[in-house]
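# Examination of the molecular architecture
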Amino acid sequence: MSDNVTAQYKIEIDGLNLFYGQFQALKSVPMSIQERMITALIGPSGCGKSTLLRCLNRMNDLIHGVRVQGSVHLDGIDIYRPAQDVTDLRKRVGMVFQRPNPFPLTVYQNVVYGLRVAGIRHSRSLDEIAERSLRRAWMWDQVKDKLDEPALELPLDQQQRLCIARLLAVQPEVILMDEPCSALDPIATMKVEELMLELKKDYTIIIVTHNMQQAARVSDFTGYMLLGEMIEFSETQVIFTRPTKKLTEDYITGKYG
C-alpha cells in the first residue's frame, strides 16, 4: 500500500504487526476508526490493546527492539512513512495514561506546558487557552482559584481531567486513552465518561479498557483482542448483543478472560 490513500476514515490500520525482539505482540491487525466517534479496545490482559493504542502515535518507537510492519493511515497518510514528523504526529494524536501524570508544576503551568514548548509566550493567549481547555475538561469552576497551586495536590480525578485539559490545549485531533479510569473511584469514573461523551463532538477517541460495562456505556465501536489478534470489530451494540465470533461471545459472557 502506498504512503497516501483516499481517506474514508480518520485512522485506517492494515496488516499491522509489531514485534518486541522475537516476540510478536500484534498479528496482522486491521481496524478502521471513524472520526468523532469513541472506539473501545477490550480483551484480557496482555492481549495487545495498549500496544495497538501506542502504535497510533508511535509511542512504541521509544522502546528498544520494537519492529513494526504494516500501515497506519491518519487522514489518508501513513504515519510510519520515513518523512513523518513524529513530534507533529504526537501533537495531532495525544495520549491520556492509566494513572494521572501531571507535571510537578502549578495547575496553570501544566495546562500551558505544551503551548510554551511550541513557542507561544503571549500571556493573554496562554490565559485564554488555559481557561478554554479547563472549561472543556469540566474543571474551570474547581480550579479557577487554584491556578497557582501545585497540580499534584489535586484529587486524582481532577488530576486526570487536568491531564486531559493539558492535551486539549495543544488542539489534538485524536485522543488515545489507556485505561484512563483504572485509578479512579466509580463517581470519578462517571465524570470522566461523561466528559468523553462530550469531547467526541469534536475529537476522535480511542480507549483501552478492562471494564466491559464502560465500553458498552461510552463507545460507538468496539474491538475484541486476544493474543495479539483482532478477533472481532464492529458496532458496540453488535459486539455486546450478537457477536459473530464464538471467542467474542465467550469473553463477553465471562466464559473466558
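This one's a predicted model, so the numbers in the text were calculated from it and none came from an experiment. (Residues numbered from 1 in each chain as written. Predicted model: local features only at pLDDT ≥ 70, side-chain atom pairs only at ≥ 80, totals over all residues. Heavy atoms only, no water.)

## Notes on the nonpolar core
In this structure, Leu134, Leu162, Ile175, Met177, Met196, Leu199 and Ile205 are the most contacted members of the largest nonpolar core, which totals 48 residues. Per element, the largest residue contribution to this core is six residues, and it comes from helix 6 (residues 156–169). In this view, Met196 contacts Ile38, Met177, Ile205, Ile207 and Val218; residues no more than four positions away in its chain are not counted. Judged by nonpolar contacts, the second largest core, of 28 residues, contains Leu18, Leu52, Leu74 and Met230. (Core = buried A, V, L, I, M, F, W, Y, C linked by side-chain atoms within 4.5 Å. Buried < 20%, exposed > 50% of the residue type's maximum accessible area, 1.4 Å probe, protein only. Helix = DSSP H or I, 4+ residues; strand = E, 2+ residues; numbered from the N terminus. Contact = heavy atoms within 4.5 Å.)

## A word on the side chain of Thr248
Residue position: Thr248 is located in helix 10 (residues 246–252). When its relative accessible area of 0% is taken as the criterion, Thr248 is described as buried. Those residues in contact with Thr248 that lie beyond four places of it in its chain are Tyr224, Ile231, Glu232, Ile239 and Pro243.

## Re the sheet that holds strand 10 (residues 229–235)
Overall, mixed pairing links the six strands, which are arranged 6-7-8-3-9-10 in an open sheet. With partners counted over all chains shown, the strands left at the sheet margins are strand 6 (93–96) and strand 10, one partner each. The sheet shows a mean angle of 20° between the axes of neighbouring strands, direction not considered. Here strand 6 runs beside strand 7 (residues 174–178); their pairing, made up of four bridges, is parallel. Bridged to Val96 within strand 7 is Met177. Against the sheet, helix 6 touches strand 6 and strand 7, its axis set at about 170° to strand 6. (Pairing = 2+ DSSP bridges. Axes fitted to C-alpha atoms, helices over the stretch in contact; angles between N-to-C directions.)

## What to know about helix 4 (residues 123–136)
For helix 4, built from 14 residues, the straight-helix expectation of 20 Å at 1.5 Å per residue is met to within 8% by its first-to-last C-alpha distance of 20 Å. Close packing links the buried residues of helix 4 with helix 3 (107–117), helix 5 (140–143) and helix 6. Of the residues one or two after helix 4, Trp138 is the one with positive phi, at around 55°. (Expected span 1.5 Å × (residues − 1).)

## Brief notes about the pattern of salt bridges
Under the counting rule described, the total for this entry stands at 13 salt bridges. Linking Lys10 and Glu173 is a salt bridge whose minimum nitrogen-to-oxygen distance equals 2.6 Å. Here Glu173 lies in the loop between helix 6 and strand 7 and Lys10 lies in the segment before strand 1 (11–20), a separation of 163 residues in the sequence. The shortest N-O distance in the salt bridge between Glu173 and Arg92 comes to 2.8 Å. One end of the pair, Glu173, is in the loop between helix 6 and strand 7; the other, Arg92, is in helix 2 (residues 86–92), with 81 residues separating them in the sequence. (Salt bridge = Lys/Arg side-chain N within 4 Å of Asp/Glu carboxyl O.)

## Remarks on the pairing of strand 8 (residues 204–208)
The element strand 8 is extensively covered by neighbouring structure, given that five of its five residues are classed as buried. Taking every second residue as pointing to the same face, both faces of strand 8 are buried, with Thr204, Ile206 and Val208 on one and Ile205 and Ile207 on the other. As defined by bridge partners, strand 3 (residues 38–42) adjoins strand 8 across four bridges and the pair is classed as parallel. Following the sheet pairing, Ala40 is matched in strand 8 by Ile207. Here five bridges tie strand 7 to strand 8, and the two strands are oriented parallel to one another. In the sheet register, Met177 faces strand 8, and the bridge partner there is Ile207. In this region the chain leaves strand 7, passes through helix 7 (residues 186–199) and returns to the parallel neighbour strand 8; the handedness of that crossover is right-handed. (Right-handed = clockwise from strand over helix to strand, strands pointing away.)

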